[in-house]
Every structure is written in structure tokens, then in C-alpha cells.
Amino acid sequence: MLKIKTPKSGKARQVIEKRAPKLVTVESGKKTLILQGAKTSKVLNVVLTEIYQLNKGSAVRYTRKSENIRPI
């Protein structure tokens, strides 16, 4: 087994803390935009619905089929 060395100086302790893995607890407030295209199949609509259900807190879903809105 590997022996874990403890830092002896303050600078070494700071370097080890900086290199240590960090836990990300706060995500950015980005929203997921889910658009239904002009000619989408029923299978694709079901997949979009499931994706929306997974990201319900941070997702916006547009269900109307519109010729004016193009996702790309």
C-alpha cells in the first residue's frame, strides 16, 4: 500500500489542498430549452418528454409545432 505523507509546512499544506479533488455542490443556473420541430415523430416526442421530466426544474419545453422556430 502507498503511504500517505502529511505536509510539514504551511506552503506544502496549501499545495496539497489545492491539488485535492473538489466537490461541486452548486450548479450554474442554466436552463435546458426543449423544442419540438415541425416534423418530429412520435418516438422523438416521447424522448423529448422524458428528457424534460428528468430536468424538470431547469428545463423549458415548447410543445407547439411552429414553422418559424428553428433549433439550428
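Since we're looking at a predicted model, the values are computed, not measured. (Residues numbered from 1 in each chain as written. Predicted model: local features only at pLDDT ≥ 70, side-chain atom pairs only at ≥ 80, totals over all residues. Heavy atoms only, no water.)

Participant: Now, about the confidence of the model for the protein chain: what can you tell me, with residues and values included?
Facilitator: Mean pLDDT over the protein chain: 82, with 82% of residues reaching 70 or higher. Here strand β1 (residues 32-35) stands out as the least confident element of the protein chain, with mean pLDDT 86; helix α2 (residues 42-54) is the most confident, with 91. (pLDDT = per-residue confidence, 0-100. Helix = DSSP H or I, 4+ residues; strand = E, 2+ residues; numbered from the N terminus.)

Participant: So what about the pairing of β1? Which residues, and what values?
Facilitator: Two strands pair when backbone bridges link them, and β1 and strand β2 (residues 59-62) are joined in this way by four bridges, in the parallel orientation. Within β2, the residue paired with Leu33 across the bridge is Val60. For the crossover from β1 across α2 to β2, the handedness is right-handed. (Pairing = 2+ DSSP bridges. Right-handed = clockwise from strand over helix to strand, strands pointing away.)

Participant: Can you explain a nonpolar patch on the surface? Please cite residues and give values.
Facilitator: Among the surface-exposed residues, Val43, Leu44, Val47 and Ile51 lie close enough to one another that they form a single nonpolar patch of about 320 Å² accessible area. Summarising the element assignment, Val43 is placed in helix α2. (Patch = residues over 30% accessible without salt bridge, like charges linked within 9 Å, V, L, I, M, F, W, Y side chains within 5 Å. Areas by Shrake-Rupley, 256 points an atom, 1.4 Å probe, with all protein chains shown as cover. Salt bridge = Lys/Arg side-chain N within 4 Å of Asp/Glu carboxyl O.)

Participant: Go over α2 with me, naming the residues and quoting the values.
Facilitator: Its 13 residues give α2 an end-to-end C-alpha distance of 19 Å, which sits within 8% of 18 Å, the value for a rise of 1.5 Å per residue. Within α2, the full set of buried residues consists of Asn45, Leu48 and Tyr52. Each buried residue of α2 lies within a common arc of 60° when the element is viewed along its axis, so the set occupies one face. The exposed residues of α2 that point more than 90 degrees off its buried face are Val43, Glu50 and Leu54. (Expected span 1.5 Å × (residues − 1). Buried < 20%, exposed > 50% of the residue type's maximum accessible area, 1.4 Å probe, protein only. Arc of directions from axis to C-beta.)

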